[in-house]
Structure formats: structure tokens, C-alpha cells
Amino acid sequence: RLVSGSGDGTIRIWDPNERTELGRLEGHTGGVWSVGWSPDGTRLVSGSTDGTIRIWNPDDGTELGRLEGHTNTVLSVGWSPDGTRLVSGSDDGTIRVWDPNDGTELGRLEGHTNTVWSVGWSPDGTRLVSGSADGTIRVWDPEERTELGRLEGRTGGVWSVGWSPDGTRLVS
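The model shown is predicted, which means the values in this text are computed figures rather than measured ones. (Residues numbered from 1 in each chain as written. Predicted model: local features only at pLDDT ≥ 70, side-chain atom pairs only at ≥ 80, totals over all residues. Heavy atoms only, no water.)

A.B. asks: Would you mind going over unusual backbone geometry in detail, with residue names and values included?
C.D. replies: The residue Arg19 is not glycine, and still its phi comes out positive at about 60 degrees. Positionally, Arg19 belongs in the loop between β2 (11-15) and β3 (20-25). According to the relative accessible area criterion, Arg19 is exposed, its value standing at 73%. In the Ramachandran plot, Arg145 falls in the positive-phi region, its phi being about 60 degrees despite a non-glycine side chain. Positionally, Arg145 belongs in the loop between β14 (137-141) and β15 (146-151). (Helix = DSSP H or I, 4+ residues; strand = E, 2+ residues; numbered from the N terminus. Buried < 20%, exposed > 50% of the residue type's maximum accessible area, 1.4 Å probe, protein only.)

Dropping the structure here:
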């Protein structure tokens, strides 16, 4: 199954082989910028211009949780590889780590001076990467809430970041 978020505030689940819509999740009051499946495929996460992160049951469309704390659009969300944590990046310039089961904010990573466009977990779940409109890519320790490294030198913002499967390289 494939999931998509859109400007009308809906999340849609698709069968990519049949090219048919299987379900529609509604609840956000703004556009949905980012979506993702949990590693076990039993939950979805979404981030929206309404400033919230929502967790969903993809089978029946039930909203399982709402995470609030960002003060602006949530542009990027992602599950940790073991499914026990979520990360979010926002137009408010912060990165937050969450417990998806009870909605607790586990940590806030601050340092970017502008919008955080993209966030992602390392394959082993021990590090985070973020890309920002401030032109930097930063690597973080989510447990200690510290910046481990910074890549600079871009003339524009960093809109997307990702780890190699072995966790030894980054792409932006």
C-alpha cells in the first residue's frame, strides 16, 4: 500500500498496482506535508500546516493520537527503525522526538536558525539528520539532545536529507 498527504488536509491510502484509493483519513485542519508508515505497517504518522502530528490506524481510519508542541507547520515526520519513537521537523526551526504510544515529547533539538525541511533516523536509530532553510545539514544524538556535526557551505536551503542503508553516508 502507498500513502499520500495533500493540500486538502487528507491522507489517502492507495493500491499502487490497481491504481485505486483504498481509504481516506481526515482530521487535519491544514495541508498534510509529510506522511509515513510505521516499520511494522500497523500505523501511519502525518505532519500538517495545522502544526500537529497525528498517528492513525490505516485499516479503519481511526486517529490514535495527536502530538502537539510545534508552533508552526510540521514539514517532516518519521518513525525510528524500531517504531518506538517519532521525529518531526517544523517551520518553527525545531526538531522534536516523540513517544508515539503516549504522545510524550521526549526531546527538543534546537540549533537551526530557520525552517527545518527534512528529518530522518539513521538505520540503527542512534542518530538523526536534519536539513534546513538555514543551509545546513546537522547530525544529532537524539538521546543526549546534542549536535554531533554540521555540514555547511550550501548557498540555499536543504530541502531533503537521507541516510545510506549502511548509515555511513548522507545525501541531500
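A.B. asks: Residue-level account of the pairing of strand β13 (residues 128-132), with values.
C.D. replies: Burial within β13 is extensive, with five of its five residues counted as buried. Of the two faces of β13, both are covered, the one formed by Leu128, Ser130 and Ser132 as well as the one formed by Val129 and Gly131. As defined by bridge partners, strand β12 (residues 116-121) adjoins β13 across five bridges and the pair is classed as antiparallel. When the sheet's bridge partners are listed, Trp121 is paired in β13 with Leu128. With antiparallel pairing between neighbouring strands as the criterion, β12 and β13 make up a hairpin whose turn holds six residues, including Gly125 at a positive phi of roughly 75 degrees. Sheet analysis places β13 next to β14, joined by four bridges and oriented antiparallel. In the strand pairing of β14, Gly131 is matched with Ile137. (Pairing = 2+ DSSP bridges.)

A.B. asks: So what about the sheet that holds strand β6 (residues 53-56)? Which residues, and what values?
C.D. replies: Spatial ordering of the open sheet is given by β4-β5-β6-β7, a layout of four strands whose pairing is antiparallel. Edge positions in the sheet fall to β4 (32-37) and β7 (63-67), since each of these pairs with one other strand and no more. Each strand axis lies, on average, 20 degrees off the axis of its neighbour in the sheet, ignoring direction. As defined by bridge partners, strand β5 (residues 44-48) adjoins β6 across four bridges and the pair is classed as antiparallel. Along β6, the bridge assignment pairs Val45 with Ile55. (Axes fitted to C-alpha atoms, helices over the stretch in contact; angles between N-to-C directions.)

A.B. asks: Could you give an account of the environment of Pro39, with specific residues and numbers?
C.D. replies: Tracing the backbone through its elements, the reader meets Pro39 in the loop between β4 and β5. A C-alpha to C-alpha distance of 5.8 Å links Pro39 and Gly83, two positions 44 residues apart in sequence. Once residues within four sequence positions are removed from consideration, Pro39 is found in contact with Trp79, Ser80, Pro81, Asp82 and Gly83. (Contact = heavy atoms within 4.5 Å.)

A.B. asks: With reference to specific residues and values, describe the sheet that holds β13.
C.D. replies: Taken in spatial order, the four strands line up as β12-β13-β14-β15 in an open sheet, and their pairing is antiparallel. The open sheet has two edge strands, β12 and β15, and neither has a second partner. Looking at each pair of strands side by side, their axes are set apart by 20 degrees on average, direction ignored.

A.B. asks: Requested: an account of the pattern of salt bridges, with residues and values cited.
C.D. replies: According to the stated counting rule, one finds 15 salt bridges in the structure shown. When the shortest N-O distance is used, the salt bridge between Glu105 and Arg108 registers 3.3 Å. Overall, the relative accessible area of 29% leaves Glu105 in the partly exposed class. When its relative accessible area of 38% is taken as the criterion, Arg108 is described as partly exposed. Here the residues in one salt-bridge network are Asp134, Arg138, Glu147, Arg150 and Glu152, joined through shared partners. (Salt bridge = Lys/Arg side-chain N within 4 Å of Asp/Glu carboxyl O.)

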